[in-house]
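# Coordinates in review
Letter by letter, the chains look like this.
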Amino acid sequence: MLAACGAAQAADDAVVVTALRHPVSKSYDRMVAGMELFEQRRHLAPGAALRFKLLPRKRETAMEGVELEIAANSVGIALEVAPDRTFALERNDAALKEKAKVVPNRKAGTMTWRADVRTPGLPPDTRRLGDLRLECEVGMKAGLISDYPPSFFGWLDKLLPQGPSYCHRAEPRYLFFADRPIFSVTLVDGPRREVLSVDRLYAGASRDAKWKKGLRYCDCEALIDRAYFVPLGDASWPDDTRVELEYM
Amino acid sequence: MRSLFFILLLLGGCTLLQPPPQPAEKPLGPGEIVSAPAAEDVLSIGSSTKADVRAALGQAVVVDFSSGHEVWVYRERAPEKPVEPPAPRAELVLLFSPSGILSKTRVR
């Protein structure tokens, strides 16, 4: 559909034919690699399915009516985007062979992407640590995360050179986004509870008085009041640890 | 003359016997408080304004959002002598609604 109404683009995205001059797009084969990693590592979240999620990167980004397709020279597969902006991806050999891209009808820099792994049946406002661990690994493998410039917030890591092993660090700066603005995040494992420091919320803005200067470089720009880190690599917290979110 | 000499000698001896003066306590820096629970006790959810809180606790580390919400952060002053392993400083986190009224607090 998108492929039918545009002109071929410049060299590096010559395989993508789209109505937008500079669409935000992701490598299909990297996303498939993320799906394969999900299957290998699904013991982290045995009851969950993998979806991907589109998120606004700018406050003015309209998320209604987002259309999405796997696009290559001879491939154009429309993907169904759910009302919660998630979508599932399937393996297609022709698309892999043609180095397809996953392309929404939005310009580059207007949206960001995350893996979405949710164990069903959790209490409201609760995530599960194993689900988040798997989201991070798949997200890093699939290349979903935008890089941060070295100066951003002065302390966020450069993510692009990192693979899924980045998620095994005790304190990875992998940003998760809650559904609404958050006030507090608490880890709960049986009787053990730990309220996360405010430095793990809002992309660490409380650590840096100049955080607003770097905000436009972060894919959290429109979601900073929903952003949080968790200690993914801290093995003392099991995968079944509940991550309780208290909203503003 | 001799009496005066002895009085001065006595006073000097008293001065020598006094304990050395305590160094003045370092003033609190921006976003620093002495005790997070005590600071929380002086606040009132639903009625304290930003001005009230600033007057009571001093300047905070402020994270303000485009929604109009603001998160204010205070941390207990770090100990003068570093301890090993370093203990996390207790923090008091405040949420102001867009109207400027304190709506939530937490101590960690």
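For every chain, the first residue of the written sequence is number 1, and numbering continues from 1 onward in sequence order. Here chains are named by letter from A upward and ligands by number from 1 upward, in the order in which they appear as written. Local features in this predicted model are restricted to residues whose pLDDT is 70 or higher, and side-chain atom pairs enter the listing and the counts only when it is 80 or higher, whereas totals over whole chains, interfaces and linings include all residues. Note that water and hydrogens are dropped before the side-chain values are worked out from all heavy atoms of the structure.

What follows covers the sheet that holds strand E10 (residues 126–128) of chain A. Two modes of strand pairing occur in sheets, parallel and antiparallel, and in both the strands are linked by backbone hydrogen bonds. Residues and elements named next belong to chain A. Read from one edge of the open sheet, four strands run E10-E15-E12-E13, paired in antiparallel fashion. With partners counted over all chains shown, the strands left at the sheet margins are E10 and strand E13 (192–195), one partner each. Strand-to-strand, the axes of this sheet are offset by a mean angle of 25 degrees, without reference to chain direction. Strand pairing follows a simple DSSP-based rule, namely that at least 2 bridges must link the two strands. We count a stretch as a helix when DSSP gives it H or I for four or more residues in a row; a strand needs E for two or more, and each element gets its number in order from the N terminus. Both strand E12 (residues 182–189) and strand E15 (residues 242–247) contribute to a ladder of six bridges, which runs antiparallel. Directly across from Ser184, in E15, lies its bridge partner Glu246. The strands touched by helix H3 (residues 129–142) are E10 and E15; relative to E10, the strand with the most contacts, the crossing angle is about 65 degrees. Axes, fitted as lines to C-alpha atoms, cover a helix only where it is in contact. Angles between the N-to-C directions of the axes lie from 0 to 180 degrees. It only takes one pair of heavy atoms within 4.5 Å for two residues to be counted as in contact.

Below, the discussion takes up the confidence of the model for chain B. Residues and elements named next belong to chain B. For chain B, the average pLDDT comes to 83, and 77% of its residues sit at 70 or higher. Known as pLDDT, the predictor's confidence for each residue is given on a scale from 0 to 100. Of all secondary-structure elements in chain B, the lowest mean pLDDT belongs to helix H1 (residues 2–17), at 55, while strand E4 (residues 91–96) reaches the highest, 97. For this predicted complex, the interface confidence score (ipTM) comes to 0.80, while the overall pTM stands at 0.82.

Let's shift gears to the pattern of salt bridges. Any two side chains of opposite charge can pair, so long as their charged atoms come close to each other. When a carboxyl oxygen of Asp or Glu lies within 4 Å of a side-chain nitrogen of Lys or Arg, that pair is called a salt bridge. Under the criterion given, the structure shown has 27 salt bridges over all chains. Arg75(B) serves as the salt-bridge partner of Asp199(A), at 2.5 Å between the closest nitrogen and oxygen. Residue Asp199(A) is found in the loop between E13 and helix H4 (211–214), and its partner Arg75(B) is found in strand E3 (residues 70–76); the two belong to separate chains. With respect to class, Asp199(A) is no different from Arg75(B); both count as buried. Glu246(A) serves as the salt-bridge partner of Lys104(B), at 3.0 Å between the closest nitrogen and oxygen. Taken as a pair, Lys104(B) in strand E5 (residues 102–107) and Glu246(A) in strand E15 lie in two separate chains rather than in one. Using a 1.4 Å probe on the protein chains alone, a residue whose accessible area is under 20% of its type maximum counts as buried, one over 50% counts as exposed, and one in between counts as partly exposed. On the accessibility criterion, Glu246(A) (34% relative accessible area) is partly exposed. Among the charged side chains, a salt-bridge network with shared partners connects Lys53(A), Asp116(A), Arg118(A) and Asp179(A).

In this section: the interface of chain B and chain A. Chain B puts 19 residues into the contact, and the matching count from chain A is 20 residues. Using a 1.4 Å probe, buried area is obtained as the accessible area two parts lose upon being combined, added over both of them. In total, about 1600 Å² of surface goes out of reach between chain B and chain A, with carbon and sulfur atoms giving 60% of it. Viewed at the interface, chain A and chain B are joined by four salt bridges. Pairs of N or O atoms within 3.5 Å make up the polar contacts considered here, provided that, within protein, one atom can donate a hydrogen while the other can accept it, and that residues adjacent in sequence are counted only when both atoms are side-chain atoms. Taken together, chain B and chain A are joined by nine residue pairs in polar contact (both at pLDDT 80 or more). Listing elements by their share of the side of chain B that touches chain A, those giving two or more residues are strand E2 (61–64), E3, E4 and E5 of chain B. When residue character is reported, Ala, Val, Leu, Ile, Met, Phe, Trp, Tyr, Cys and Pro are called nonpolar, Asp, Glu, Lys and Arg charged, and the others, Gly included, polar. Residues of the side of chain B that touches chain A, tallied by class, amount to nine nonpolar, four polar and six charged.

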